[in-house]
Each structure stands twice: as structure tokens, then as C-alpha cells.
Amino acid sequence: MECIITIELGTNGVRLFAFDLNGNVINSTKASYPTFHSEPDYSEQDPEQIFITMLYVLKNFLIESIHPQRYKVQSICFIASMHSLLAVDAHGAPLGNVITWADNRGKKEALDLKNSQLGTKLYEATGTPIHPMSPLLKILWLKKNDSHRFEQAYKFLTLKSYILHQLTGDYVIDYSLASATGLLNIHTLKWETQALDYAGITVDRLPELCSVFTTPGKLRKEYQTSLGLSANTRIIIGSSDGCMATLGAGVWGDDKATITIEDSGAVRVVGKQILRDDQKRFFNYLLTENYYISGGPTNSGGVIFDWFANQFGEFKGPFDLEYTIETLIHEASNVVAGSEGLLFLPYLLGERAPLWNPNARGSYFGINIKHERKHFIRATIEGILYEIYSIGKMVEEHRSINSLSVNGSFAAIPFCSQLIADIFNKPVSTINKANSAGLGAFLLTATDMGIYRSLDEAAKSVVFHETFRPRHHDHKIYAQYYQLFERLSLKLEAEFEMIAKLQQIQ
Amino acid sequence: MNQFFLHQPHSKELFGFPHILEFAIRKNSTIQLNSLSSITSDCIRIYYVMEGKFEWVIQERHSILYPGDVAVILPGQTFQGENDFLDIGTLFWIHIKVDRVEKNMHLVLGKWSGLSESERLTIGRVLHLSQMPVLVKMKSIQTILQLIQTELFQQQIGYATRVNQLMDELLILIARQSTMQSNLQRDFPQAFVKLEQELRKNLAHQWTVEEMAAMVGLGTTAFTEKVKSYTGFSPLNYLINIRISEAIKLLRKDDVKVTAIALDTGFYSSQHFSTTFKKLTGYTPGEFRKRDSLKD
């Protein structure tokens, strides 16, 4: 029997799935690695630690769950989070840590570029919003502030390129992940000269571009031996977590959107055309050479509710966050929609779409003497979801959306899925499998093997698990409060500036 | 509570307890200028507030202590009254001698203590790291201090052993309270990153699960379970992961010898290092080094 393994190098850890050729999950496993914040704006990870963790987990997974069942690993497909940057020397050795998507050190560089004509041009050419997350701005930051590392760098890689180089010896990047670097022209599929010039680098300092279906090279012999894999096991370069989650959510077609909420969140649509926006609020990333994944990302996902739970939840035992969250959700469900007039702006980490303002800050609004703890719980959840809705609304300026598919640990909590249906006033489906990014990678690989004729057909094979119907009564309430939410988020711009400045001094 | 003041070498009650430098209850009813100017402690000082309000600066951190609160000042730390004087109120204190302080706040306590070396190491580290010189609402400290007082004054059968046991208990309670207070035992990822940074700072040390667990304020069983579900690895396997990742970095520097790398990253021997490295990566350290330096 043959199987396909998907490896997702995510923000907090690595997740592995093994699928049989019918798309059934044989087994899965995961392990985590830390993020270091040596300075307030820094967000870094140790590339060796990620590599070793991945290798260790993969080996155990094969030995415990795959080899004993006599599965033959046909392919291994990779998924990684977007926007990471790792400089390596001529021997492929990392120069410092991986800089992750959440790193904000390039704030000033982003602001300078955003306000320039070139910024508009580059946004249109590359599809990547001008934001410190963009590897383009990270490279520029290195050039200005860490010239030694910049000069030493033989290549500028993403984390996935580094891992694949370790495994196969080749420096490669797929169009999909490359389209999130701010350096790739998403229309011509070539590195964008103007972006490279602006970052101060030449093409030879980037990995080789290839399609998401590409097999870069063979697994090095030593890994074949140590993992017990044959030389014929195909390594498939794969795509990014966002693109794979969209494919795996079965959202295909103009009238559908997918909502992912893990720690952070996003609303995405698939299409053959990009979303054009004068205000530069959307991303437009490539899934394949023919399809774009477009939408907007938010910082204010499940991480905000985790914060709330850590501060105000009641803990049964030490560190028992799961129990606390369950209890909080239960309490929230005992409050009516709209939290009796309590509103929450969830910008604890600044915000990306739709405000694109790193200085935005959180706030509770409308507190009156009758509000209790439970109202705050519900308001916090509603605030996070209003923010998702604000991105959805922005997308709807360009596409009409009739149904939604949700995934991610926070959005998949049934209480939240129902609220999304109510707030959007659209039916919401969840997929049968826990992880849509893994499923997306399976569909990609299976299409490559000819099991599906096209990605369209593959996406249509996704089985929806449960559908949440919008409740009109609640929708009417949310619609009223959302107006106020939107007004507040726009009105407070000057005050966000002031408070952020004060907080920086402290 | 009556005042008393025992101190070395004059108080006969402290004969046989050279490690108790001072032991006292003092009721301070008047303010005397310069009665508490800055000093650098050379022993472990534990103060329990019985009455009043004390404003102190410990290691440059300002603290206000109320009845029931405990201040712990470690060797090498500075200590003074906010206004250089001792405030009005009643204090119960003990000063415990340490033989010496080795690196990483390894407190060498002397033969009186029944704590094992690894326990002492953990307690020293925990107190040092928690950056919490003040522990709030610890009535249990007063109880132990009173028991020590009774033992010292009554000198019944076995009192010498009892006093030393109570002092160990004092240190254990303080260490536990300070981990509880320094992380609220809510945000595990945060507590775990803090631990990981400590592990990386001192990778050559032979960390035990007990030590790691103590740093986040959990027992070993709960800690192991939590780490397993959070990271996917047992604590010791997680540690091996960090050791190997560090070793890879060092291997890529051509000037560091494999044996030195092995010891720096916490392996018993280069043999142990090679076996583990090969098992995990498929390469021996030598092969790995050769692979990455051959190119270009």
C-alpha cells in the first residue's frame, strides 16, 4: 500500500499527516518549537532546532506508524508558513536565526516604501502588502542594520528552502511561497528586478524558482537510510500554509471564501484574477501558475482569546488552558448576541488587514454598570470575529461570496463557527478532517500523481462535515454593532498613534 | 511575641549551629536615621514581617512589605531601606550562612543541610531566576521560624537535627512559592520559552527532569505530561533536540573539536554524542561536518 506524507512547518511547530491514496488520514503527529523575542519587535526561530525537530518527528512517525503497517511512502509534500527569511553562507550554514512573519523590525523600512510611488508599483507587481512581514523589507533591514550578515549572505532563503536544502542539497523555492516574499512578480513569474534592486540584491542570491509540483532532488542517501525510505520517494516542494489551507478547505469557485483562524487569521478567495485594490489592503499570492489566493490577514485571531483566558480565566490546574477556554466558551454562550452592548476592538498586536496599522491597540467600548464578566468573554470573541468580518466585507467589495468554509483551531470551535455564520449571514461549513493545510498538500500531491485530473477536481472532492446556518435574528443585532465596531476602529486612528507612542516610552 | 536576638559567636543557643548567623525578632518602635543603609548580603537573609509596613530596596527593586510577607535576599544581592532607615514594625528574621556560591547560583550550604546537591542547585537557581525578592502572604514561614525558635530555646532531645530539618523546609517552601509567584501557571508556552532559554544558557549542565520541572513550578509527573503534549517530546528528548541543534551550529565552525562540542552541548562523551547524533541525523558528526564543508 502506498501513502503520502505531508509535513507542515508552521509558526509554532511541525505537523505531519499520512494519507492513503484515497485521502483517508492514516495517522498524524506534531511537535512544537519555540519563537524567541530577543527584542520587542523581533520574532525569530532556530533553523537547526526546526530541522532536528522535523527529522526526529518524521523518523519516529515512520518507525511507529508507517513502516509497521507496511505502507510505502510514495511522496512527501512540504507546507510552510509564509514570509520567513533566513540568510545562509556559501556552505549553506545559517547566519543567525530565521526571521518569522511576525517580526516587525522593518517597521520604518515598510513605512518609507509604502508612502512612495515605488511602493504602489511593487505592491501591484508582487501581490505582497508593504508590511514588515515581507522578506523584501527584512532583507532591506539587514542591509541597513546588519551589514555584516547582509554581505556574508550567499543566499536569502525561506525556512522551507533551508529545510529542503538540508534534505536534498538543492536551493529551491516554489512560486507560491516566493509570491509571499515581496520579490516575485506574480504576473510574469520572475523575480521582480525593481524589488531586488530596492533590497540591494541580485537574482543569484535567491533560490531557484519552481512550480509547487516540483521534485527538487532526491533525499540524500544518509536520510534515506536513517528514515528507511527508498530512493524513489518523491519530495514535493509544495506550497504555503495559507494556500494549502484554502485548497484543503475545498473552496474553489468565485462565490466561496475560506476563513482560517488559528493564532492569527485570514479570509481568502481563489481565482484566476487578482483582487486589485487602490488602498493596497489585499494580498494576492500564487497557488499555482494559474491560480491566485487573495484576501487579507489579521493578527487578531485565537491568540487574543488565549490572552484573555490567561489573564481572566479560572484555572482548574496549573497551565490547563484547554479547560479554561472550554469554560469561558460555555459562559459566553449564556450571553445574548451583541453582549448587551459591549464591544471589543481586538488590536492587542497592532493590526494587518484591513487597517494595516501596527500602532492599533485593543479596547472595550460601551461598558455599563450591568455588564458582568461573562459579557466581557463574549464581547472578546465577537470582537475577534467582527475583525474577520471586516476583512470579509473588504473582499466582498470585489467578489460576491455566498458561502464560507472555516478551519483552524479557533474558527473550528462550534460556538465560533456559528457566530461566523450569524455575523456574515452566510452558511458556514467545516471540513471533516482536522487540518485543511495537510489535506491541501495531499490534494496537490494526488493531482500530481494523476489521481485527480486537476486541482479543481481535487478541491471538489473535499467532504464537508457540518454546516452552520445563519440565524437572522442574531445577524440583525450583529449588523448594528458591527457598524459601531467599524466606526470605532477608523475613528481611533489618531488615538492609536498617541497611545502607541506613550507605550513605547514606558 | 517577645523580642530576642541571637547571633554568632556570642549567643550560646547557636552553639552547634555555625550556619545560623543571626536569628531574631525585633520590634522597632522608633525611626533611627541611617539604621538600614545599603549593604551587600554575604548570606541568605530571610525576613518575615509580623507587624507594620516596610519599604525596602532589594537588588534595586522597590518593594513594600506588609504583615505576612517575606523578603529573601541572596548572597551578593544588595539591600537597603527605601529611606536608609528601618521602618516601624516587627520583624522575624534568620540569616543563613552559605559556604560559597558557585556559578549559576549554585549555593553550597554546608554539611548541616539534608538537601541533595541537585535539590540545592535547583533551589538556588529558582530563587535567583524568579527575580522575586518578596513573597506575599506566607504565614507558613512564621510557623517554621517559631518552631526553630522553640527548638533552639528548649533544646529537647533531637533538637539539633530538628532545627536543621526546619531550615531545609524553610528553603524548600520559599523556592516553591517563588516559582508559583513568578509564573502564574497559566501561560505554558511562555513559561516553557523561559525554561528553554535557561537550558540553552547552560547546555553543558546535566539537567534532570526534577530541575526542569522546578523551574516552571510543577512536579515531575505533571511537567513531563505537559511537555509531552505541548512539544511532542519527553523533557529529556526535547533537551536532546536542543543539544543536537546547538551541536550542528558548532560543527559548522571548523575550528571547534568534536570532543569539545560534545561536552559543551551536554553529552557525557564524544562516543555518546556520536551515537545520538547519528541516530537522529543519519550522519556521524564527522560525516556531517565533511558534507557541509565540501561544497563550493
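### Let's talk about helix 2 (residues 107-114) of chain A
Residue and element names in this part refer to chain A. By the burial criterion, the buried members of helix 2 are E109, A110 and L113. Buried residues of helix 2, viewed axially, fall in a sector of 100°; they line one side. In helix 2, those exposed residues whose orientation departs by more than 90 degrees from the buried face are K108 and L111.

### Concerning the pattern of salt bridges
Going through the model one piece at a time under the given rule, you end up with 30 salt bridges over all chains. The shortest N-O distance in the salt bridge between B:R200 and B:E196 comes to 3.0 Å. Of this pair, B:R200 and B:E196 are both found in helix 4 (residues 188-201), 4 residues apart, which corresponds to roughly one turn of the helix. Assessed through its relative accessible area of 0%, B:E196 is described here as buried. Each of A:D46, B:E196, B:R200, B:E246 and B:K249 takes part in salt bridges that share partners, so that together they form one network.

### Topic: the sheet that holds strand 2 (residues 13-20) of chain A
Residues and elements named next belong to chain A. Read from one edge to the other, the open sheet built from 5 strands follows the order 3-2-1-5-13, with strand pairing classed as mixed. The sheet is open, and its two edges are formed by strand 3 (25-32) and strand 13 (234-240), each paired on a single side. For this sheet, the mean inter-axis angle between neighbouring strands, taken without regard to orientation, is 20°. Pairing of strand 1 (residues 2-9) with strand 5 (residues 72-80), which is carried by 8 bridges, proceeds in the parallel orientation. Looking at strand 5, one finds that I7 is bridged to F78.

### Section: the domain arrangement of chain A
All names here are of chain A. The assigned domain composition of chain A is domain 1 (2-243) and domain 2 (250-431 + 471-506). The C-alpha centroid of domain 2 is placed 27 Å from the C-alpha centroid of domain 1. The interface of domain 1 with domain 2 comprises 29 residues on the first partner and 22 residues on the second. Considering only the surface of domain 1 that becomes buried against domain 2, Y123, I186 and C243 emerge as the three largest contributors, covering 23% of it.

### Quick look at the side chain of A:T6
Residue and element names in this part refer to chain A. Summarising the element assignment, T6 is placed in strand 1. Taking the relative accessible area as the measure of exposure, T6 reaches 1% and is therefore buried. Among all residues touching T6, those that are not within four sequence positions of it are R15, L16, F17, F19, C77, I79, G438, A441 and F442.

### What to know about a nonpolar patch on the surface
On the surface, a nonpolar cluster with roughly 300 Å² of combined accessible area is contributed by A:I499, A:L502 and A:I505. Position of A:I499 relative to the elements: it lies in helix 18 (residues 493-505).

### Some points on the interface of chain A and chain B
Contact residues are listed per partner, giving 38 residues for chain A and 38 residues for chain B. Roughly 3,200 Å² of surface becomes buried between chain A and chain B when both sides are summed, with 52% attributable to carbon and sulfur atoms. Summed over the shared surface of chain A and chain B, the number is 3 salt bridges. Note that A:E48 and B:R252 form a salt bridge whose closest N and O atoms lie 2.5 Å from each other. For the interface between chain A and chain B, the tally reads 20 residue pairs in polar contact (both at pLDDT 80 or more).

### Some words on the sheet that holds strand 1 (residues 4-7) of chain B
All names here are of chain B. Across the sheet, which stays open at both edges, the 6 strands sit in the order 1-2-9-4-7-12 with antiparallel pairing between neighbours. Across the chains shown, the open sheet's two edge strands, defined by having one partner strand only, are strand 1 and strand 12 (134-135). Relative to strand 2 (residues 20-28), strand 1 is paired through 4 bridges, and the arrangement is antiparallel. For F5, the partnering residue across the bridge sits in strand 2 and is A24.

### Some remarks on the domain arrangement of chain B
A common way to express how large an interface is: the accessible area buried when the components associate. Residues and elements named next belong to chain B. Domain boundaries in chain B define domain 1 (4-182) and domain 2 (186-296). On a C-alpha basis, the centres of domain 1 and domain 2 stand 36 Å from each other. Taken together, the contacts link 9 residues of domain 1 with 10 residues of domain 2. For the pair domain 1 and domain 2, the summed buried area comes to about 790 Å², and 57% of that belongs to carbon and sulfur atoms. Area buried by domain 1 at its contact with domain 2 is led by T122, R125 and L129, which between them contribute 50% of it.

### Describing the environment of A:A494
Examined against the element boundaries, A:A494 turns out to sit in helix 18. Linking A:A494 and A:N359, residues 135 residues apart in sequence, is a C-alpha distance of 9.8 Å.

### Points about the packing of helix 11 (residues 302-312) of chain A against helix 12 (residues 321-332) of chain A
All names here are of chain A. Look at helix 11 against helix 12: their axes get within 10 Å of each other, and the N-to-C directions meet at 95°. Taken together, helix 11 and helix 12 sit at an angle that is classed as roughly perpendicular. Residues F305, D306, F308, A309 and N310 of helix 11 touch helix 12, and the partners they reach there are L321, T324, I325, L328 and I329. Of the residues assigned to the contact of helix 11 with helix 12, the class counts are 7 nonpolar, 2 polar and 1 charged.

### A look at the environment of B:T231
All names here are of chain B. Inspection of the secondary structure puts T231 in helix 6 (residues 220-231). Since its relative accessible area comes to 1%, T231 is described here as buried. With 42 residues separating them in the primary sequence, T231 and P189 have C-alpha atoms 9.6 Å apart. Within the structure, T231 has its side chain in polar contact with the backbone nitrogen of F233 (distance 3.0 Å).

### Re unusual backbone geometry
What is expected of a backbone is that most residues other than glycine have negative phi and most peptide bonds are trans. Residues and elements named next belong to chain A. A cis amide bond, omega -5°, links A353 with the succeeding residue P354. One can find P354 in the loop between strand 18 (343-345) and strand 19 (363-365). The phi angle at K280 is positive, at roughly 60°, despite the residue not being glycine. Despite not being glycine, N425 has its phi angle at roughly 60°, a positive value. Assignment of secondary structure puts N425 in the loop between helix 14 (414-424) and strand 21 (428-431).

### What about the side chain of A:K138?
Residues and elements named next belong to chain A. The topology assignment puts K138 in helix 4 (residues 135-145). Despite being buried, K138 has no salt bridge partner; D103 is the closest side chain of opposite charge, sitting 6.3 Å away. Ignoring any residue separated from it by four or fewer positions in sequence, one finds K138 in contact with H83, L85, I99, T100, W101, D103, P132 and M133.

### Concerning the packing of aromatic side chains
Residue and element names in this part refer to chain A. Per the stated rule, a full pass over the model turns up 43 aromatic pairs over all chains. For the ring pair Y386 and Y482, a centre distance of 6.2 Å and an interplane angle of 55° mean the geometry is tilted. With a gap of 96 residues between them, Y386 in helix 13 (residues 373-396) and Y482 in helix 17 (residues 472-491) connect regions that are remote in the sequence. A single burial state applies to Y386 and to Y482, both of which are buried.

Scoring rules and cut-offs
- Residues numbered from 1 in each chain as written.
- Chains lettered and ligands numbered in written order.
- Predicted model: local features only at pLDDT ≥ 70, side-chain atom pairs only at ≥ 80, totals over all residues.
- Heavy atoms only, no water.
- Buried < 20%, exposed > 50% of the residue type's maximum accessible area, 1.4 Å probe, protein only.
- Helix = DSSP H or I, 4+ residues; strand = E, 2+ residues; numbered from the N terminus.
- Arc of directions from axis to C-beta.
- Salt bridge = Lys/Arg side-chain N within 4 Å of Asp/Glu carboxyl O.
- Pairing = 2+ DSSP bridges.
- Axes fitted to C-alpha atoms, helices over the stretch in contact; angles between N-to-C directions.
- Domains from an automatic or database assignment.
- Contact = heavy atoms within 4.5 Å.
- Buried area = accessible area lost by both parts, 1.4 Å probe.
- Patch = residues over 30% accessible without salt bridge, like charges linked within 9 Å, V, L, I, M, F, W, Y side chains within 5 Å.
- Areas by Shrake-Rupley, 256 points an atom, 1.4 Å probe, with all protein chains shown as cover.
- Polar contact = N/O pair within 3.5 Å; in protein donor to acceptor, adjacent residues only side chain to side chain.
- Parallel < 35°, antiparallel > 145°, perpendicular 65-115°, else oblique.
- Nonpolar A, V, L, I, M, F, W, Y, C, P; charged D, E, K, R; others polar.
- Lys, Arg positive; Asp, Glu negative; His and termini not counted.
- Phe/Tyr/Trp six-rings, centres within 6.5 Å; stacked < 30°, edge-to-face > 60°.

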